Amino acid sequence: MRDGWLIIKWSRFFHTIGFTKVDPNKPMNWSEFIINNLDRDSFNESKDKSLAE
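Residues numbered from 1 in each chain as written. Predicted model: local features only at pLDDT ≥ 70, side-chain atom pairs only at ≥ 80, totals over all residues. Heavy atoms only, no water.

Chemist: Would you mind going over the confidence of the model for the chain in detail, with residue names and values included?
Modeler: Here the chain shows a mean pLDDT of 76. Residues at 70 or above account for 70%. When pLDDT is averaged over each element of the chain, helix H1 (residues 10-16) comes out on top at 90 and helix H3 (residues 40-52) at the bottom at 58. (pLDDT = per-residue confidence, 0-100. Helix = DSSP H or I, 4+ residues; strand = E, 2+ residues; numbered from the N terminus.)

Chemist: Describe the environment of serine 31, listing the residues and the values that go with them.
Modeler: One can find serine 31 in helix H2 (residues 30-37). Reaching out from serine 31, the side chain makes a polar contact with the side chain of asparagine 29 at a distance of 3.2 Å. (Polar contact = N/O pair within 3.5 Å; in protein donor to acceptor, adjacent residues only side chain to side chain.)

Chemist: Kindly report on a nonpolar patch on the surface, identifying the contributing residues and their values.
Modeler: Together, Leu6, Ile8, Trp10, Phe13, Ile17, Phe19, Trp30, Ile34 and Leu38 give the surface a local cluster of nonpolar side chains, amounting to about 880 Å² of exposed area. Positionally, leucine 38 belongs in the loop between H2 and H3. Of the residues examined, leucine 38 reaches a relative accessible area of 53% and is grouped as exposed. (Patch = residues over 30% accessible without salt bridge, like charges linked within 9 Å, V, L, I, M, F, W, Y side chains within 5 Å. Areas by Shrake-Rupley, 256 points an atom, 1.4 Å probe, with all protein chains shown as cover. Salt bridge = Lys/Arg side-chain N within 4 Å of Asp/Glu carboxyl O. Buried < 20%, exposed > 50% of the residue type's maximum accessible area, 1.4 Å probe, protein only.)

Chemist: How would you summarise the packing of aromatic side chains if you had to cite specific residues and measurements?
Modeler: Enumeration over the complete set of coordinates arrives at six aromatic pairs. Ring plane angle 70° and centroid distance 5.7 Å describe the contact between tryptophan 10 and tryptophan 30, whose orientation is recorded as edge-to-face. Note that tryptophan 10 is positioned in helix H1 and tryptophan 30 in helix H2, a separation of 20 residues in sequence. Residue classification places tryptophan 10 among the partly exposed positions, given a relative accessible area of 33%. Pairing phenylalanine 14 with tryptophan 30 gives two aromatic rings, centres 5.8 Å apart and planes at 80°, and the pair type is edge-to-face. Taken together, the residues span a long stretch of sequence, with phenylalanine 14 in helix H1 and tryptophan 30 in helix H2 at a distance of 16 residues. (Phe/Tyr/Trp six-rings, centres within 6.5 Å; stacked < 30°, edge-to-face > 60°.)

Written out as structure tokens, the structure reads:
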């Protein structure tokens, strides 16, 4: 692309690939998306391992 912009509608993209909790018609709220979609089990496991060391 020369002197152009690529516009990605992230909320529509993520909804299309299977994140149905994302509203395709609203702008992407990145902090909410990241917090709500973290794998909490793996986070807790890594936290438990670090505490055991």
